[in-house]
Amino acid sequence: MAANIESVSKDRWKEAQKWECSYWASVQTARARFGKNWMWRLLHLVGAVPKYRGEDWNQWWRQRFDNYSFVPERIHNAIEVGCGPYTNVRLMLDRTRFDHLVLSDPLIRTYAGFKLTFVSDMYRSMNCTIDDHPLEELPFASDYFELAVKINVLDHVRDARACMDTLARIVKPGGILIIGQDLTDDADLDYLKDDAGATGHPIKLRHEWFTEWLGPQRFDPIIFKVLPRAEGRAPDAHYATLIFAGRKRG
Ligand SMILES: C[S@@+](CC[C@H](N)C(=O)[O-])C[C@H]1O[C@@H](n2cnc3c(N)ncnc32)[C@H](O)[C@@H]1O
């Protein structure tokens, strides 16, 4: 069994982030071409489309997390790390109200400039705190957040161990941690080395790697599933997908 790849050099991470940034910028440019921004606004006015445009598998994750039905109706402090251009917390708003929401991503300044997204709307209306620290260096106090969300992030980071330590630290005892993650085994490694997205995904982890943080001595599970390949998010490239929501023990 090959070792997990749990950290890479700073240069390798920067290369991955450059790939990520240009990928989302090109998606956004395509979405805006030929007056499509104005068209979207008009269609939204007549109720034909939602207010925000853009998805990165967020609806798929929401379904696997039982529509986030376990998230309380009101949360004082919440954070989504590696929130991306579209976010997952956006899909909790039909049932949950956040008093203070932090949207954190090293590329958040780029994403805040994208049109018709939840991130840009929240940024312009000053309804959230925007943070651009990498998760490894997040400056928030320990035991601070009642909800922390990290979905589809860990294979993009520089140091996955430091990221998990930080995340487990900032959640309040009794608070909820949500993690969704594609998992990688040896067979996937062969496939992934030729994949177009390989540059953007430097970290490779199997499900056993997470036990140190998500075990019963630290979190009481609410949902804990390792979906097999056929049920996973990307069966061609990942042998399984981790779906975890748990309450931090006091
Ligand atoms: C595939 S996107 C997923 C975005 C979002 N979580 C979603 O599900 O829509 C991965 C995100 O992880 C962010 N990321 C990369 N390295 C990171 C790090 N060290 N700390 C926090 N976020 C990071 C990237 O900037 C990118 O926006």
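Anything mentioned here points back to the structure above.
The sections below set out a description of the structure shown in this document. (Residues numbered from 1 in each chain as written. Predicted model: local features only at pLDDT ≥ 70, side-chain atom pairs only at ≥ 80, totals over all residues.)

## Focus on the sheet that holds strand 5 (residues 171–183)
No. 1: Strand order across the open sheet formed by 7 strands is 3-2-1-4-5-7-6, with mixed pairing between neighbours. The open sheet has two edge strands with one neighbour each: strand 3 (129–131) and strand 6 (219–228). Between one strand and the next, the sheet's axes are offset by a mean angle of 15 degrees, whatever the strand orientation.
No. 2: The sheet contacts of helix 6 (residues 160–170) involve strand 1 (74–81), strand 4 (145–151) and strand 5, and relative to strand 4 the element is tilted by about 155 degrees. (Pairing = 2+ DSSP bridges. Helix = DSSP H or I, 4+ residues; strand = E, 2+ residues; numbered from the N terminus. Axes fitted to C-alpha atoms, helices over the stretch in contact; angles between N-to-C directions. Contact = placed C-beta atoms within 7 Å.)

## Focus on unusual backbone geometry
No. 1: With a phi angle near 55 degrees, Asp66 is a residue other than glycine that sits in the positive phi range.
No. 2: Tracing the backbone through its elements, the reader meets Asp66 in the loop between helix 3 (58–64) and strand 1.
No. 3: You can call Asp66 partly exposed: it has 13 C-beta atoms within 10 Å.
No. 4: For Met126, which is not a glycine, the phi torsion comes out positive at approximately 55 degrees.
No. 5: Topologically, Met126 is positioned in the loop between helix 5 (118–124) and strand 3. (Buried ≥ 20, exposed ≤ 12 C-beta atoms within 10 Å, placed from the backbone.)

## Overview of the pairing of strand 2 (residues 97–104)
No. 1: Pairing analysis gives 7 bridges linking strand 1 to strand 2, with the strands arranged parallel. In the strand pairing of strand 2, Asn77 is matched with His100.
No. 2: Where strand 2 lies against strand 3, 3 bridges are found, and the strand directions are parallel. Residue pairing in the sheet places Leu103 in a bridge with Ile130 of strand 3.

## Notes on the site of the ligand
No. 1: Around the ligand sit 22 residues, and of these Asp56, Gly82, Gly84, Pro134 and Leu135 come closest.
No. 2: Of the residues assigned to the shell around the ligand, the class counts are 10 nonpolar, 7 polar and 5 charged. (Near = placed C-beta within 6 Å. Nonpolar A, V, L, I, M, F, W, Y, C, P; charged D, E, K, R; others polar.)

## Brief notes about the nonpolar core
No. 1: Of all hydrophobic cores here, the largest spans 52 residues; its most connected members are Ala78, Leu147, Ala148, Leu167, Leu177 and Ile178.
No. 2: At the level of elements, strand 1, strand 2, helix 5, strand 4, helix 6, strand 5 and strand 7 (240–248) are the ones that each hand at least two residues to this core.
No. 3: The biggest single contributor to this core is strand 5, with 6 residues.
No. 4: Not counting the four nearest positions on each side in its chain, Ala78 is found in contact with Val89, Phe98, Leu101, Phe145, Glu146 and Leu147. (Core = buried A, V, L, I, M, F, W, Y, C linked by C-beta atoms within 7 Å.)

Purely geometric stuff here, so don't read any function into it on its own.
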